[in-house]
Amino acid sequence: MAKQSVSDMAQQVSNPKKLCCSICLDLINDPDQRELYSCLQCRQIFRLRPVLMKNTMLADLVEELRKTGLQAAPTDHCYAGPEDVACDFCTGRKLSPVCSVLSLNCELHLQPHYESPAFEKHKLVQPSTKIQKHICSCHDEVMKIFCCTDQQCICYLCSMDKHKSHDTVSAAAERDKRQRQLIVTQREIQQRIESRAISHSADKAVKNSEETFNELISLVEQESSDVKQQIRSQQKAEVSRVNELLEKLEQEISELRRKDAELERLSHSEDHIQFLLSCPSLSILSDSLELPSINIRPLRYFEDVTVAVSEVRDKLEDVLKEERIKISQRVTDVDVLLPQTEPRTRGQFLRYLHEITLDAKTANTRLLLSEGHKKATVTLEDQVDSSGPERFPEFYQVMNRESLTGRCYWEVEMCGLQVSVAIAYKNISRTGDGSLFGNNDKSWALACFKKSYEFRHNKISTSIPGPEPARVGVYLDHRAGVLCFYSISETMTLLHRVQTTFTQLLYAGLWLIGSGATAELCKLS
């Protein structure tokens, strides 16, 4: 085989890195003369310099590489630009560092920190141009201590020198302390932002509602003006008709008086011939002299208009009342705080005490409402004659007047064969089996018997053991969808808890069975 020239070998070297020193990363050269010697590849140390033979061919190859200008620096690394952070170990054209040990190291110069045990305690951080700020300018030591007295970072030599009597802590401890303070400050900032947002939202809602009500007031005022104008226009027309009629009647009266005068004069005439000639013409009244047929209405005039306007007012009041309840519900639904825990003691429940007043318009005709509409009693005779659209005609049931919003609590004292304590949507059916509390998806009821309880909803019944019923407490959190029934004696015993989603306004209800059965809403305040 023919011998290759050194030039050919240099051209065939695909990885010049193999011809570079593993320490300085430059092309290999003659070893330095030192007291200790180590192999550049295996790192073995020799106290006596071993006998080394120069590899002539390899030396020629390296020299050829130098002449051809082939650089030993790896081409797959990134060089540092004019504004970039550069490796502290590189000579000549420097590479960009990938990490820092308080000096900036490129990937090649960082490798010993991964391989040598001597570098295990070095802490590697991301490269930064501010790395020199971590070094004490007086002692060239890393500043790992914070002087609380002078509020500055120092090195350990400073702490034994001019900061000797000062209050010092580690920089890490001071960082943790200030980090916690920053978290507290950040929370305060977030709370202020939230507060400003709530205030802005509330101001906007007030402004919009005010504009809406002003528009409503304008509509009412416009309607009032139109009614006034219509009344005045009708008044003018009717007065004109009456005046025209009066004028015609006055003409008729004048003509009749003239006829009456002529007849009176003729009756006293002694000329028989003249009397006979004039009498026929005077005794016959023409059609124009006949009084017109006029039907006079009773003196009510515009009273019907007043009644109609009053009816509009009553209807508007009902609408506003119902809508006010809905608006109030939307307002109370605004809650930026975390959900509150449910009450645990009776004293906590009484904080949400809600006054319940029974609505006579919904009561069955045989329910007697007394004690200011706080008590219902089953009677043998009808208490009212009317069975209006809101009344329960088939079951001895009654609902309260005002809707239940937010968190409410009330207690019911009962006596009788069976009393059910319930809540229901207002649009619950009033007739048929679907009108019974707990027998539909619009009501939730706790039936209290002599020695047991039964919870009912949407035709599903759940038997509940418990103490003999006498008083039941009801806790409702409309927004959270929580409904709880408690047996009240010396202590409170939870009978049943419901977790659901209420989609409408709720009303309290009572259902009684048996003549003489009573249920009374307790006065606790």
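Residues numbered from 1 in each chain as written. Predicted model: local features only at pLDDT ≥ 70, side-chain atom pairs only at ≥ 80, totals over all residues. Heavy atoms only, no water.

- Under an unreviewed UniProt entry, the name given to the chain is B30.2/SPRY domain-containing protein, and the source organism is Monopterus albus.

**So, the overall build of the chain**
Piece 1. Scanning the chain from N- to C-terminus turns up eight helices and 20 strands.
Piece 2. Taken across its 525 residues, the chain has 27% of its residues classed as buried.
Piece 3. A fraction of 54% describes how many contacts in the chain between residues 6 or more apart in sequence connect residues 24 or more apart.
Piece 4. Within the structure as shown, the chain displays about 36,600 Å² of accessible surface, and the carbon and sulfur contribution to it stands at 53%. (Helix = DSSP H or I, 4+ residues; strand = E, 2+ residues; numbered from the N terminus. Buried < 20%, exposed > 50% of the residue type's maximum accessible area, 1.4 Å probe, protein only. Contact = heavy atoms within 4.5 Å. Areas by Shrake-Rupley, 256 points an atom, 1.4 Å probe, with all protein chains shown as cover.)

**Thoughts on the packing of aromatic side chains**
Piece 1. Within this structure, the stated rule accounts for nine aromatic pairs.
Piece 2. With a centroid separation of 5.6 Å and an interplanar angle of 80°, the aromatic rings of tyrosine 425 and tryptophan 444 are classed as edge-to-face. Here tyrosine 425, found in strand E12 (residues 418-425), pairs with tryptophan 444, found in strand E13 (residues 443-448); they are 19 residues apart in sequence, far enough to count as distant. Pair check on accessibility: tyrosine 425 and tryptophan 444 agree, each one buried.
Piece 3. Cluster of aromatic residues (ring-pair linked, three or more members): Phe349, Tyr352, Tyr409, Tyr475 and Tyr486. (Phe/Tyr/Trp six-rings, centres within 6.5 Å; stacked < 30°, edge-to-face > 60°.)

**Here we look at the sheet that holds strand E14 (residues 453-457)**
Piece 1. Strand order in the open sheet made by the six strands is E10-E19-E12-E13-E14-E15, with antiparallel pairing throughout. Of all the strands in the sheet, just strand E10 (397-399) and strand E15 (460-464) have a single pairing partner and so form its edges. On average, adjacent strands in this sheet sit at an angle of 20° to one another, irrespective of strand direction.
Piece 2. By the bridge criterion, five bridges tie E13 to E14 in an arrangement that is antiparallel. (Pairing = 2+ DSSP bridges. Axes fitted to C-alpha atoms, helices over the stretch in contact; angles between N-to-C directions.)

**As for the pairing of strand E17 (residues 482-488)**
Piece 1. Judged by how many residues are buried, E17 sits mostly within the fold: seven of seven residues are covered.
Piece 2. By the alternation rule, side chains of E17 split into Val482, Cys484, Tyr486 and Ile488 and Leu483, Phe485 and Ser487, which are all buried.
Piece 3. Bridge analysis of strand E16 (residues 471-477) against E17 gives six bridges, and the strand direction is antiparallel. The residue of E17 that forms the bridge with leucine 476 is leucine 483.
Piece 4. Linking two consecutive strands that pair antiparallel, namely E16 and E17, is a turn of four residues; a positive phi of about 70° is found at glycine 481 within it.
Piece 5. As defined by bridge partners, E17 adjoins strand E18 (residues 492-499) across seven bridges and the pair is classed as antiparallel.

**With respect to the state of the cysteines**
Piece 1. A full pass over the atoms with the stated rule returns zero disulfides.
Piece 2. Here cysteine 148 stays unpaired: no disulfide links it, and the sulfur of cysteine 147, its closest cysteine neighbor, is 6.9 Å away. (Disulfide = S-S within 2.5 Å.)

**A look at the pattern of salt bridges**
Piece 1. All told, the structure shown has 13 salt bridges when counted by the stated rule.
Piece 2. Here arginine 497 and glutamate 342 are joined by a salt bridge, their closest N and O atoms 2.3 Å apart. Taken together, the positions of arginine 497 in strand E18 and glutamate 342 in the loop between helix H7 (303-333) and helix H8 (346-350) put the pair 155 residues apart, joining distant regions of the chain.
Piece 3. Relative accessible area serves as the criterion here: at 37%, arginine 497 is assigned to the partly exposed category.
Piece 4. Because the salt bridges share partners, they merge into one network encompassing Arg346, Glu411, Glu413 and Arg471. (Salt bridge = Lys/Arg side-chain N within 4 Å of Asp/Glu carboxyl O.)

**Points about the sheet that holds strand E11 (residues 407-415)**
Piece 1. Strands sit in the order E8-E9-E20-E11-E16-E17-E18 across an open sheet of seven strands; the sheet is antiparallel. Bordering the open sheet on either side are strand E8 (367-370) and E18, each of which pairs with just one other strand. On average, each strand axis in the sheet is tilted by 20° relative to the strand beside it, whichever way the strands run.

**Overview of the side chain of asparagine 400**
Piece 1. Relative to the helices and strands, asparagine 400 resides in the loop between E10 and E11.
Piece 2. In this structure the side chain of asparagine 400 is engaged in a polar contact, spanning 2.5 Å, whose partner is the backbone oxygen of glutamate 402.
Piece 3. Here the side chain of asparagine 400 touches alanine 508 through a polar contact of 2.7 Å, landing on its backbone nitrogen.
Piece 4. For asparagine 400, the residues in contact, after removing those within four places along its chain, are Ile356, Thr357, Leu358, Asp359, Tyr507 and Ala508. (Polar contact = N/O pair within 3.5 Å; in protein donor to acceptor, adjacent residues only side chain to side chain.)

**Looking at the pairing of E8**
Piece 1. Of the two faces of E8, the one lined by Leu367 and Leu369 is fully buried and the one lined by Leu368 and Ser370 carries no buried residue.
Piece 2. Bridge analysis of E8 against strand E9 (residues 375-378) gives four bridges, and the strand direction is antiparallel. Looking at the pairing, leucine 368 lines up with threonine 377 of E9.
Piece 3. Following E8, the chain reverses through four residues before pairing antiparallel with E9; glutamate 371 in that reversal takes a positive phi of roughly 55°.

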